[in-house]
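Next come the chains, spelled out residue by residue.
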Amino acid sequence: MKKAAFILLVVILTMGVLSACSSDSAKKGSGSGKDGDVTLTFWKALDADNEEEIWAELIRKFEQAHPNIHVQFLATPWDGWQEKYTSAFAGSNPPDVSYMSEYLIKFAHAGKLHELDSFMSDSEKNRFSKTAIDNGTVNGKLYGVPFIAETSLMFYNKDIFEKEGIAIPQTWDELRAAAKKATKGPDQWGIGGLDILNTISFMVQSGANLFNKEGTSLGFNNPEGIRGLQFMEDLVKRDKVAPPIDFYSSPEQELDAFFKGKIAMMPGSIAFVNSIKTNAPNLQYGAFPAPAGPAEDAGAARALYSGIGLLSIAKASKHPAEAYEFIKFVIDPDNADLFFEPTGFFSALPEANETLFQGDPVMEMAKKSIQTMFVYPASESFAKAIDIVTQMREAVLRNVKTPEQAIKDAAKEFDSTQK
Amino acid sequence: MKSRKERFKSQLISFSFLLPYLIVAVVFSFLPIAVVVWLSFQRGSLLDLSSLHGAGFANFAAVFTKSLYMKSILNSLFYIVVILPFGQFIALTLAFLLFRKNKVNAVFESILFLPLVVSMVSASIMISYVLSTNGPVNYLLAEVGLPGILWFSDPVLAKLAVVILELWKGSMFYVFIYMAALRGVPSDYIDAARIDGAAKWQEIVLIKLPLIKHIILLCVVLSTIAQSQMFDSIFVLTKGGPLRSSESIYFAIYRAAFLDDQIGISAAIAILLMLAVLAISIFQMTVLRSRHES
């Protein structure tokens, strides 16, 4: 009798522990509910403050049109993006649909993404630009449907330009001259926002690139790269027309300085327009394409950060067809005003942009910049490269290394971690 | 006299009561450690575990030959060497000042307890504001005509900023352990010492400290482990900067796994860290305990 009670106790305790482990994993992730109902998970890092409500509305409309498909949206921060998605995809429970950027190639190479060629015919692919489709293609196969086309422009404060009689600069020399004129007193700067991506932009404008064509080594370990980094250093240290590295304690403070009219020019993503409209509705601002650097290629000479945001389906997804249905709905030009108009982005589908942002001169200019978009060569080591450029830029701005030395060390570090 | 079979049965019953815990421990603790040990001998990407292949001791060799990893290991040592003695000294001193129960001490006790209820991330954000370029510390310095300090631009100052945060937030925990220990010292010993004419310092050094020695040992070991695991404070306060100068060993683990995409090296650093903490703790225990017993 005692023995039976004891065995019963052990069994109950064991079951308790085991069920505590398993019930959790059963609930998570995608699964089919009753009678063909399908639940999809969709992860996206947010680019705009109001995005969560926008997705709620889009998903509501989608579920109305497809009553058997439910979409669970999860907003993931860009901070720690790599860690979160790597862990999710390395495990067995990745999101069915995820928003991918430069990291797509890494996930595609590792075999974690679903091939989309079976869903998308060539005529459908041809609706996109070649740049956009190439961006989602790895080893000749499509793994991401182009969704957002993000370009950048040089934003400027119209009041400062008018007051100092500055014309829109067209070349690096004119940019330096304009920045000199606009720099006044202890806290008004000619140019700001020379962050990591814009450090790369100067090197691109000089004729270098972030990677070589194959994406296997850094593309700025050359005289052009050094010239680009040198140009940024000169703006900060020799001309003193850009704030030194410790002048603002955070990037937000620097943005705030632009909103308050303390910075005359600032390169920024097109989403910056929305940010200006909310934070500084009275700011007199304009934008122009980046002044041309010495690069031979005309597109590269005026390149600022551009990227394609793509929608991918996980290889492990149990409902790829339904997931593609959702992607198709999201990129549909008829729904463009639901997402792009309120977030301030452009679609990677040119026809969707025709009716967007009409009458806004800055957005019209951005619309044109999509056609000459300059994107980095795809590389599995994008995160590593960004980390290395971060250190390189800081070493130069803190007087620890010359641009030449910093680039040499950067290339050495990058190559040492390549398999 | 019980038979062997019966003894075995009763032992089995006793162990069976441990079963629920053992299952949890095996699933969430022992198995992951075993996997990390296995990973540390592999080469490949975390994202594509099917591509892993054996690498022998190459990962461990890489840890010691790459300056990037070595730098963060040395930084972690720096944090332990600085924070451990200062933190314990401050905690002991405060405990001696506050262990008597009265109304004034109760107020101080509550104030000292505050950092403990704040999460490390909030505490880091607070300190990063206090020490920022336009923060209160530099404002006070400017008021008395001194130049401001750029805490996060200098490799040494950035490490000190982390030390300040860890002392303020981390060491207060030990104040309360020491206070509890001091309150547990029987008053008979103190009375006897006083009758024998012991001075105040003799009372502390010869009576109280030896009596709470095992608690000090505990705190030293706990603090060593805590300091070797520092990550969140540094990540929020300095992001490891400037120029990676304040990165702890956890940054190397993170960097190897996610940026260099070499899960094997990452696992190797984690194993080395575990062994090092184990070795340091055992060393501390033997040294402090043997003195206690002699």
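Residues numbered from 1 in each chain as written. Chains lettered and ligands numbered in written order. Predicted model: local features only at pLDDT ≥ 70, side-chain atom pairs only at ≥ 80, totals over all residues. Heavy atoms only, no water.

Moving on, we get to the domain arrangement of chain A. All names here are of chain A. Domain boundaries in chain A define domain 1 (34–149 + 308–371) and domain 2 (152–305 + 381–416). The gap between the C-alpha centroids of domain 1 and domain 2 is 29 Å. Contacts between domain 1 and domain 2 engage 13 residues on the former and 16 residues on the latter. Roughly 1200 Å² of surface becomes buried between domain 1 and domain 2 when both sides are summed, with 66% attributable to carbon and sulfur atoms. The largest share of the area that domain 1 buries against domain 2 comes from Glu102, Val362 and Met365, three residues that together contribute 43% of it. Linking domain 1 with domain 2 are one salt bridge. Between Lys277 and Asp360 there is a salt bridge, with the nearest N and O atoms lying 3.1 Å from each other. Contributing elements (two or more residues each) for the side of domain 1 that touches domain 2: α15 (336–343) and α17 (361–369). At four residues, α17 tops the list of elements feeding residues into the side of domain 1 that touches domain 2. In terms of residue class, the side of domain 1 that touches domain 2 is made up of eight nonpolar, three polar and two charged. (Domains from an automatic or database assignment. Contact = heavy atoms within 4.5 Å. Buried area = accessible area lost by both parts, 1.4 Å probe. Salt bridge = Lys/Arg side-chain N within 4 Å of Asp/Glu carboxyl O. Helix = DSSP H or I, 4+ residues; strand = E, 2+ residues; numbered from the N terminus. Nonpolar A, V, L, I, M, F, W, Y, C, P; charged D, E, K, R; others polar.)

Residue and element names in this part refer to chain A. The residue Glu51 is located in helix α2 (residues 51–65) in this model. Given the relative accessible area of 0%, Glu51 is considered buried. Here Lys44 takes part through its side chain, which lies 2.8 Å from a polar atom of the side chain of Glu51. Within the local environment of Glu51, its side chain forms a polar contact with the backbone nitrogen of Asp47, the two atoms lying 2.5 Å apart. Setting aside its immediate chain neighbours within four residues, Glu51 contacts Lys44, Ala45, Leu46, Phe339 and Thr343. (Buried < 20%, exposed > 50% of the residue type's maximum accessible area, 1.4 Å probe, protein only. Polar contact = N/O pair within 3.5 Å; in protein donor to acceptor, adjacent residues only side chain to side chain.)

Listed per partner, the contact involves 33 residues of chain A and 28 residues of chain B. For the interface between chain A and chain B, the tally reads five salt bridges. Among the ionic pairs, A:Asp387 bridges to B:Arg244, the shortest N-O distance being 3.0 Å. Linking chain A with chain B are ten residue pairs in polar contact (both at pLDDT 80 or more), by the criterion used here.

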